[in-house]
There are 2 protein chains.
Amino acid sequence: MQSRTPASRTGRPRSAAADTAILAATREALVELGWSKLTLSDVATRAGVAKTTLYRRWAGKNELVVDAVAELFDELELPDLGSLAADIEGVVLQFAAILARPEARSGLMAVVAESTRDDALRERIRASIVDRQMRLVLQGRARAQHRGELPPEPDPEQAARTVDLIFDMVAGAVVHRTLVSGKPADEEWVHSFIRILLLGLVGAARTP
Amino acid sequence: MQSRTPASRTGRPRSAAADTAILAATREALVELGWSKLTLSDVATRAGVAKTTLYRRWAGKNELVVDAVAELFDELELPDLGSLAADIEGVVLQFAAILARPEARSGLMAVVAESTRDDALRERIRASIVDRQMRLVLQGRARAQHRGELPPEPDPEQAARTVDLIFDMVAGAVVHRTLVSGKPADEEWVHSFIRILLLGLVGAARTP
DNA sequence: GGCATTACGCTACGACTCGTAGCGAAAGCT
DNA sequence: AGCTTTCGCTACGAGTCGTAGCGTAATGCC
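Note that the coordinates shown come from a computational prediction; the quantities given were computed from them, not determined experimentally.

Calculation criteria
- Residue numbers restart at each chain and count upward from 1, following the sequence in its written direction.
- A letter from A marks each chain and a number from 1 marks each ligand, given out in the order of writing.
- In keeping with the predicted nature of the model, local features appear solely for residues at pLDDT of at least 70, side-chain atom pairs appear and are counted solely at 80 or more, and the whole-chain, interface and lining totals rest on all residues.
- For the side-chain quantities, the full set of heavy atoms in the structure was used; hydrogens and water were omitted.
- We place the copies in one frame by least squares, fitting the C-alpha atoms of every residue whose pLDDT is at least 70 in both.
- Contact definition: two residues touch when any of their heavy atoms are within 4.5 Å.
- Among the buried residues, those of types Ala, Val, Leu, Ile, Met, Phe, Trp, Tyr and Cys that are joined through side-chain atoms within 4.5 Å form a nonpolar core.
- Note on classification: 1.4 Å probe, protein chains only; a residue is buried when its accessible area is under 20% of the maximum for its type, exposed when over 50%, partly exposed between these limits.
- Each of two parts loses accessible area, computed with a 1.4 Å probe, when they are put together; buried area is these two losses added.
- Whenever Lys or Arg places a side-chain nitrogen within 4 Å of a carboxyl oxygen from Asp or Glu, that contact is recorded as a salt bridge.
- Identification of polar contacts relies on pairs of N or O atoms within 3.5 Å, with a donor-acceptor requirement for protein atoms, meaning one able to donate a hydrogen and the other able to accept it, and with residues adjacent in sequence counted only if both atoms are side-chain atoms.
- Only DSSP runs of H or I covering at least 4 residues are called helices, and only runs of E covering at least 2 are called strands; the numbering of each starts at the N terminus.
- Gly falls in the polar group here, along with every residue not listed as nonpolar (Ala, Val, Leu, Ile, Met, Phe, Trp, Tyr, Cys, Pro) or charged (Asp, Glu, Lys, Arg).
- UniProt positions are given in the numbering used here, feature names are shortened, and annotations may be inferred rather than shown by experiment.
- Nearness of a residue to a molecule or strand requires only that one of the residue's heavy atoms be within 4 Å of it.
- Aromatic rings from Phe, Tyr and Trp, taking only the six-membered ring of Trp, are treated as a pair when their centres fall within 6.5 Å; an angle between ring planes under 30 degrees marks them as stacked, one over 60 as edge-to-face, and anything in between as tilted.
- An automatic or database domain assignment provides the domain bounds reported here.

Undergrad: Teacher, can you tell me more about the relation of the copies chain A and chain B here?
TA: The operation relating the two chain copies consists of a rotation about an axis and a shift along that axis. Expressed as a screw transformation, the operator carrying chain A onto chain B has a rotation angle of 180 degrees and an axial translation of 0.0 Å, and the superposed copies differ by an RMSD of 0.0 Å. Put plainly, the chains are arranged around a two-fold axis. Comparing interface residues between copies, 100% of those in chain A also sit at the interface in chain B, which points to an isologous, same-surface contact.

Following this line, the structure appears as structure tokens:
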């Protein structure tokens, strides 16, 4: 999480209960106050710990919220529904459900905005949130190629570019729909979206 | 801009020069400080106006930054390069160039994040930033249908849904590529992206 | 058991930002 | 002229930040 593996063996260990309480309190405060009005003092009070304890574990608001929001994405996993289209629709609906939660809406975009000026924060987001989503794309693509729904890509460099592109298209569209357009990414929308995406992918694979 | 049409006819008029100076100073501060460290006092000093003048015109940081960033999107327009694919690639590259600028990167995501808890702010963003982009999608679609590159859509409700979907796919992918993945939306990427998108669109139009 | 080490809760602190109020002067209009 | 609104300036209370210092609590090692 926020601490590297303890090289220190001696001394009083950090309370694991405090960690979970703080992260839960952070999400609760995100729901009630939003990003800008969230203060670390308030989170500490909610979690029942001292403010100094918070600062001993996290460098600041950014890092704390990244960890608090990252836990929301833990439940994300690729279902096996028999076809690539159904699998993708399933995982995209999960993703949309997470983004519909207020603690994700207010927190995620805020830390992404901050990460444009903070490379360490960008890396933290990538490692704890984005990579988890990216793995689903890789997994789904491999399964589809095994099923024969997508042709295999011999050039690994080209394959990497394609996976990146698919990832940006999927995550970007859902995020934009939910947070910018402010409309729900419901089943009907996801179905239309995935239909266009897959038609485009198989079309592109047919005519290189 | 930020003030409704002046119902007040008498008295000293507001300085238009101050407006442009303030918005320019805001963008400058966004570049140097980023969203979180930007203060209204600092902007006022840079613009050479008093802090109170700022508060007379804008309700707060959110509204000010929305107006400052919105001006960046004024230059967006749909080129006429002969084909739908070329037109879209052209406008998407313009869009990507704007998002590559640091004042847009740090400002845009931050106000979007704030807008998740502030409906008035969301509406302000929609009116001054998003609508301008949406009009390009409508324009490009109409032109493509006139050229015969896309079939006409008889059902207006279905057409509206499709335009919304295209908009979220295009804007979402570019924003995600630029701000989350942190990689440039260069010509090669845009070309691959638009190719898949258009293949999907014509494929979906063929098999309804 | 005693000891070293680290985490914890608590209080207090200077530095900073926020948004507003009050003032006199300036710039328009009729 | 006189009226009205904006402007620059100063000052202010309220709130937040991040840190320091202290005594206490919980563990590992001898």
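Picking up after the structure, the text goes on.
Undergrad: Any chance you could explain the nonpolar core here in plain terms?
TA: One recurring pattern in soluble globular proteins is that nonpolar side chains are buried together. Within the largest apolar cluster, 136 residues are counted, with the highest numbers of intra-cluster contacts made by Phe73(A) and Phe73(B). The contact partners of Phe73(B), leaving out residues within four places of it in the chain, are Phe95(B), Ile98(B), Leu99(B), Leu108(B), Ile129(B), Arg132(B) and Gln133(B).

Undergrad: I'm lost on the interface of chain A and chain B in this one. Help?
TA: Often, the extent of an interface is quoted as the loss of accessible area upon association of its parts. In this complex, chain A contributes 48 residues to the contact, which on the side of chain B involves 48 residues. Taken together, both faces of the contact between chain A and chain B bury some 3900 Å²; the carbon and sulfur share is 59%. When the area that chain A buries against chain B is broken down by residue, the three leading residues are Arg117(A), Asp168(A) and Ile196(A), summing to 16%. Inspection of the chain A/chain B interface yields four salt bridges. At the junction of chain A and chain B, the tally comes to 18 residue pairs in polar contact (both at pLDDT 80 or more). Of all elements in the fold, only helix H1 (16-33), helix H6 (102-115), helix H7 (119-147), helix H8 (156-180) and helix H9 (187-206) of chain A reach the threshold of two or more residues within the side of chain A that touches chain B. Per-element accounting of the side of chain A that touches chain B gives the leading share, 13 residues, to H8(A). Partitioned by chemical class, the residues of the side of chain A that touches chain B number 24 nonpolar, twelve polar and twelve charged.

Undergrad: Would you explain the UniProt feature "domain: HTH tetR-type" (unreviewed entry) in chain A in this entry?
TA: UniProt's entry tags residues 16-76 of chain A with the feature "domain: HTH tetR-type" (unreviewed entry), counted in the numbering of this structure. Secondary structure across residues 16-76 of chain A divides into 70% helix and 0% strand, with the first and last C-alpha atoms of the span separated by 24 Å.

Undergrad: Even after reading the chapter, I still don't get the protein's contact with DNA strand D, so can you show me in this structure?
TA: The immediate surroundings of DNA strand D are formed by 22 residues, with Tyr55(A), Arg12(B), Thr52(B), Thr53(B) and Arg57(B) found nearest. Here Tyr55(A) contributes a side-chain N or O atom positioned 2.7 Å from a phosphate oxygen of DNA strand D. For the surface near DNA strand D, the secondary-structure elements that each account for two or more residues are helix H2 (40-47) and helix H3 (51-57) of chain A together with helix H3 (51-57) of chain B. In terms of residue count, the dominant contributor to the surface near DNA strand D is H3(B) (four residues). Of the residues that constitute the surface near DNA strand D, the class distribution is five nonpolar, ten polar and seven charged.

Undergrad: Just checking my understanding: could you explain the packing of aromatic side chains for this structure?
TA: Aromatic ring pairs are reported here in terms of the distance separating the ring centres and the angle at which the planes meet. Applying the stated criterion across every chain, the model contains four aromatic pairs over all chains. Ring geometry for Phe73(A) versus Phe95(A): centroids 6.1 Å apart, planes at 45 degrees, classification tilted. Taken together, the residues span a long stretch of sequence, with Phe73(A) in the loop between helix H4 (61-70) and helix H5 (84-100) and Phe95(A) in helix H5 at a distance of 22 residues. Across the pair, Phe95(A) and Phe73(A) agree in class, each one buried. Relative to Phe193(B), the ring of Trp189(B) has its centre 5.3 Å away and its plane inclined at 25 degrees; by these criteria the two rings are stacked.

Undergrad: I tried to follow H4(A) on my own but got confused; where do I start?
TA: All names here are of chain A. With nine of ten residues buried, H4 lies mostly within the body of the structure. Every buried residue belonging to H4 is among Asn-62, Glu-63, Leu-64, Val-65, Val-66, Asp-67, Ala-68, Val-69 and Ala-70, and all of these are buried. Each element contacted by the buried residues of H4 is listed here: H1, H2, H3, H6 and H7.

Undergrad: Could you clarify how one ought to interpret the domain arrangement of chain A in this entry?
TA: Residues and elements named next belong to chain A. With domains assigned, chain A is organised as domain 1 (16-57) and domain 2 (69-206). For domain 1 and domain 2, the distance between their C-alpha centres works out to 29 Å. Taken together, the six residues of domain 1 in the interface contact ten residues of domain 2. Between domain 1 and domain 2, the buried area comes to about 680 Å², and carbon and sulfur atoms account for 74% of it. Sorting the residues of domain 1 by area buried against domain 2 places Arg-27, Leu-30 and Trp-35 first, and these three jointly supply 74% of that buried surface. At the junction of domain 1 and domain 2, the tally comes to one salt bridge.

Undergrad: Can you walk me through the UniProt feature "DNA-binding region" (unreviewed entry) in chain A in this structure?
TA: When the UniProt feature table is mapped onto this chain, "DNA-binding region" (unreviewed entry) is found at residues 39-58 of chain A. The span residues 39-58 of chain A is 75% helix and 0% strand, and its two end C-alpha atoms sit 13 Å from each other.

Undergrad: Would you explain the pattern of salt bridges in this entry?
TA: Here the idea is simple: oppositely charged side chains can pair when their charged atoms come close. Following the criterion strictly, the structure yields 36 salt bridges over all chains and no others. When the shortest N-O distance is used, the salt bridge between Asp87(A) and Arg147(A) registers 3.4 Å. Of this pair, Asp87(A) sits in helix H5 while Arg147(A) sits in helix H7, placing them 60 residues apart in sequence. Glu157(B) is the salt-bridge partner of Arg161(B), the closest N and O atoms lying 3.7 Å from each other. A residue pair is termed a helical-turn pair when its members lie 3 or 4 positions apart in one helix, as Arg161(B) and Glu157(B) do in helix H8 (residues 156-180) at four residues. Residue class for Glu157(B) comes out exposed when judged on its relative accessible area of 54%. One salt-bridge network, in which partners are shared between bridges, spans Asp80(A), Asp87(A), Arg143(A), Arg147(A) and Glu149(A).

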